[in-house]
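Residue-level structure breakdown
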Amino acid sequence: MRAAAISTPRLDKMPGMFFSANPKDLKETRHSLLDDKTQKRRPKTFGMDMKAYLRSMIPHSESGMKSSKSKDILSADEVIQWSQSLEKLLANQTGQDVFGNFLKSEFSEENIEFWLACEDYKKTESDLLHCKAEKIYKAFVHSDAAKQINIDFHTRESTAKKIKAPTHTCFDEAQKIIYTLMEKDSYPRFLKSNIYLNLLNDLQANSLK
């Protein structure tokens, strides 16, 4: 008696399973997924650079350096003052740098960059206002700006009109919105972040040596 032939189902025809007949397609798919992950992954160098920067701000007892005798070296008291208000944090050059790096880790560094650009703009000589106002507007305020800040339509339009006859205050409205955004959103998270807490702990531990 002749045995019945057993048919083996083709995997690429089974419901719910999808296979490419071309191995090249599978390879390209894997590469595209890796590319997506690579684009979304935060650069490893950011964490390394930040740690090196923070270490450079901490006085080392073996070198004889003391924070109170150098404006380039942080003290625990200075860093504690950063927690009192965003204003005090931004009044300190190192505070600006550390907070800026924190915002970079959250992909919102355009906020502090715009705020600092506005502070610099206020000190600009009158005959240079128009040129600098155009640069700030195109970089941060324009709807197609590479580092577009998060402001409402009215403020964006109002600022666009003001820079046509620029004064030292034409960015004040937008700057205030961004400051409030940082104060209520990013700043509280910064104070709870490892960047801030580790720096403070290291400085406090160093002061006890």
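On a predicted model such as this, the values are computed, not experimentally measured, just so you know.

If you tally the helices and strands in the chain, you get 10 helices and zero strands. Starting at the N terminus and walking to the C terminus, you meet the elements of the chain as α-α-α-α-α-α-α-α-α-α. Counted over contacts in the chain with a minimum sequence separation of 6, partners at least 24 positions apart contribute 60%. Summed over its atoms, the accessible surface of the chain is roughly 14,400 Å², and 55% of this surface lies on carbon and sulfur atoms.

A word on the pattern of salt bridges. Under the definition given, this model contains six salt bridges. Here Glu113 makes a salt bridge to Lys147, at a shortest N to O gap of 2.7 Å. Pair noted here: Glu113 is in helix α6 (residues 110-121) and Lys147 is in the loop between α7 (129-141) and α8 (153-162), with a separation of 34 residues, a long-range link. Overall, the relative accessible area of 28% leaves Glu113 in the partly exposed class. The salt bridge involving Lys122 is made with Glu119; its shortest N-O contact spans 3.2 Å. The class for Lys122 is partly exposed, based on a relative accessible area of 36%. Residue class for Glu119 comes out partly exposed when judged on its relative accessible area of 26%. Connected through salt bridges with shared partners, the residues Glu106, Asp185 and Arg189 form a single ionic network.

So, on to the packing of α7 against α8. For any two helices packed against each other, the geometry is given by the interaxial angle and the distance between the axes. Here α7 crosses α8 at 160 degrees, and the two axes come no closer than 11 Å. In terms of orientation, α7 lies roughly antiparallel with respect to α8. Of the two elements, α7 crosses α8, and the hand of that crossing is left-handed. Contacts between α7 and α8 pair Tyr137, Phe140 and Val141 from the former with Arg156, Thr159 and Ala160 from the latter. A class-by-class count of the residues in the contact of α7 with α8 yields four nonpolar, one polar and one charged.

We now examine the packing of aromatic side chains. Applying the stated rule across the entire model yields nine aromatic pairs. Seen in terms of ring centroids, Phe114 and Phe171 are 6.3 Å apart; in terms of plane orientation they differ by 80 degrees. Their pairing is edge-to-face. Linking Phe114 in helix α6 with Phe171 in the loop between α8 and α9 (172-191), this pair joins segments that are 57 residues apart in sequence. Across this residue pair, the class does not change: Phe114 and Phe171 are buried.

On average, residues of the chain score 79 in pLDDT, and 65% of them reach the 70 mark or higher. Taken together, the stretch residues 3-9 has pLDDT below 50 and engages in zero contacts with residues farther than four places along the chain or on a different chain. For residues 11-46, every residue scores under 50 in pLDDT, and the model assigns this stretch 11 contacts once sequence neighbours within four places are set aside.

Here α6 contains 12 residues, and its C-alpha end-to-end distance of 16 Å stays within 8% of the 16 Å for a straight helix at 1.5 Å per residue. Among the residues making up α6, those that are buried are Glu110, Asn111, Ile112, Phe114, Trp115, Ala117, Cys118 and Tyr121. Among the structural elements, α4 (86-90), α5 (93-105), α7 and α9 are those in contact with the buried residues of α6.

Turning next to the nonpolar core. Trp82, Phe99, Phe114, Phe171, Met182 and Phe190 are the most contacted members of the largest nonpolar core, which has 41 residues in total. At seven residues, the largest contribution of residues to this core is made by α9. Apart from the residues lying within four places of it in its own chain, the contact partners of Phe171 are Phe114, Cys118, Tyr121, Ala133, Ile136, Tyr137, Val141, Thr159 and Ile163.

Right, let's get into unusual backbone geometry. Look at Phe107: it is not a glycine, yet its phi comes out positive at around 60 degrees. Tracing the sequence through the fold places Phe107 in the loop between α5 and α6.

Turning our attention to helix α10 (residues 194-207). Across its 14 residues, α10 extends 19 Å between first and last C-alpha, which sits within 8% of the 20 Å expected from 1.5 Å per residue. Turning to α10, its buried residues number three or more, namely Ile195, Tyr196, Leu199, Leu200, Leu203 and Asn206. All buried residues of α10 lie within an arc of 130 degrees about the axis, which places them on one face of the element.

Cut-offs used in this document
Residues numbered from 1 in each chain as written. Predicted model: local features only at pLDDT ≥ 70, side-chain atom pairs only at ≥ 80, totals over all residues. Heavy atoms only, no water. Helix = DSSP H or I, 4+ residues; strand = E, 2+ residues; numbered from the N terminus. Contact = heavy atoms within 4.5 Å. Areas by Shrake-Rupley, 256 points an atom, 1.4 Å probe, with all protein chains shown as cover. Salt bridge = Lys/Arg side-chain N within 4 Å of Asp/Glu carboxyl O. Buried < 20%, exposed > 50% of the residue type's maximum accessible area, 1.4 Å probe, protein only. Axes fitted to C-alpha atoms, helices over the stretch in contact; angles between N-to-C directions. Parallel < 35°, antiparallel > 145°, perpendicular 65-115°, else oblique. Left-handed = near helix turned anticlockwise from the far one by under 90°. Nonpolar A, V, L, I, M, F, W, Y, C, P; charged D, E, K, R; others polar. Phe/Tyr/Trp six-rings, centres within 6.5 Å; stacked < 30°, edge-to-face > 60°. pLDDT = per-residue confidence, 0-100. Expected span 1.5 Å × (residues − 1). Core = buried A, V, L, I, M, F, W, Y, C linked by side-chain atoms within 4.5 Å. Arc of directions from axis to C-beta.

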